[in-house]
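Given next are the chains, with one letter for each unit.
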Amino acid sequence: MTYIIGDVHGEFDSLRLLTDKLPKDSKLIFVGDLVDRGKKSKEVVEFVKSNNYLCVLGNHEKMMLGYLEEFEKTYPQLPSLIYHHRWIHNGGKQTLLSYGVIEIDKQDGKLVCTKNDKKFKELMEHFSWLKKLPMYIELENKKDGKQIVVSHASMADVWEFVEDENKRDIVEEYALWNRKVPKLDTPIFNIFGHTIQREVDLSKHFINVDTGCCYPDEGYGVLSAYCVEKDEVVTSK
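A quick note: this is a predicted structure, and the numbers were derived from the prediction, not measured.

(A) A look at the sheet that holds strand β2 (residues 27–30). The mixed open sheet is built from five strands, whose spatial order is β3-β2-β1-β10-β11. Looking at strand neighbours, the two that pair on one side only are β3 (54–55) and β11 (232–235), the edges of this open sheet. Here three bridges tie strand β1 (residues 2–5) to strand β10 (residues 224–227), and the two strands are oriented antiparallel to one another. Within β10, the position partnered with Ile5 by the bridge is Ala225.

This is how it looks when you write it as structure tokens:
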């Protein structure tokens, strides 16, 4: 069975609750945003990486990669927040804490590097893995007569441009950041996450599997997986 899993956002405990419910030989595909906000991003990335599960690039991994490209150069000093403020304040701080490469100064509350070479090496190993994540994954399976394509955000409306190098930026913008739902006449059946919703709705011409795993205090807090073959949803609760 093939299961498409929504945005985990560092919620490793929810991920284990969900995967424990799935058949042991399942093929798992993640829609990105493995990291940020939750407290266990490192554990989530290691779980996906070590099990050779498939995963597409999410906008949070994209921001993380930008930060780590600089961190690799500035270590043991942290990169300037001028360019990476957006990521740090959208869950990046929690991600770096999970890797043990930063701590919070008790005097002024600022982030400081722990200068732990072993932990930094572990972070860089994950950095190398994250850089290889694809923008989308095409499945052999079809739904409603259309090929299934997994991406982080909705990209069906620009599918005609995926082979056009001149449209690369547009495709990436949609695949990572778009919040508009696909039009009815797109050539693919798009399964994605990125925009949280109360539950996975199987009645549409697309499927959004992001059910706000990292927002329990706002009435969400569930991690969901969609089974391609059975056309059903499994949740962490």
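Once you've had a look at it, read on.
(B) Region of interest: the packing of aromatic side chains. What the rule picks out here adds up to ten aromatic pairs. Taking the centre distance of 5.8 Å and the plane angle of 65° together, the rings of Tyr67 and Phe71 count as edge-to-face. Within this pair, Tyr67 and its partner Phe71 are both found in helix α3 (residues 59–74), separated by four residues, close to a single helical turn. Between Phe71 and Phe120 the ring centres are 5.0 Å apart and the planes differ by 75°, which places this aromatic pair in the edge-to-face class. With Phe71 in helix α3 and Phe120 in helix α5 (residues 117–130), this pair connects stretches of sequence that are 49 residues apart. Side by side, Phe71 and Phe120 carry an identical accessibility label, which is buried. Positioned above the aromatic ring of Phe127 is the side chain of Lys131, whose terminal nitrogen or guanidinium carbon lies 4.5 Å from the ring centre.

(C) Highlighting the sheet that holds strand β9 (residues 207–208). Ordered by their spatial adjacency, four strands build an open sheet running β6-β7-β8-β9, and the pairing between neighbours is mixed. Here the strands that pair on one side only, and so sit at the sheet edges, are β6 (136–143) and β9. Taken together, the five bridges between β6 and strand β7 (residues 146–151) define a ladder with antiparallel strand orientation. Across the sheet, the residue bridging to Lys143 is Lys146, located in β7.

Thresholds, definitions, all that
- Residues numbered from 1 in each chain as written.
- Predicted model: local features only at pLDDT ≥ 70, side-chain atom pairs only at ≥ 80, totals over all residues.
- Heavy atoms only, no water.
- Pairing = 2+ DSSP bridges.
- Helix = DSSP H or I, 4+ residues; strand = E, 2+ residues; numbered from the N terminus.
- Phe/Tyr/Trp six-rings, centres within 6.5 Å; stacked < 30°, edge-to-face > 60°.
- Buried < 20%, exposed > 50% of the residue type's maximum accessible area, 1.4 Å probe, protein only.
- Lys NZ or Arg CZ within 6 Å of the ring centre and 35° of its normal.

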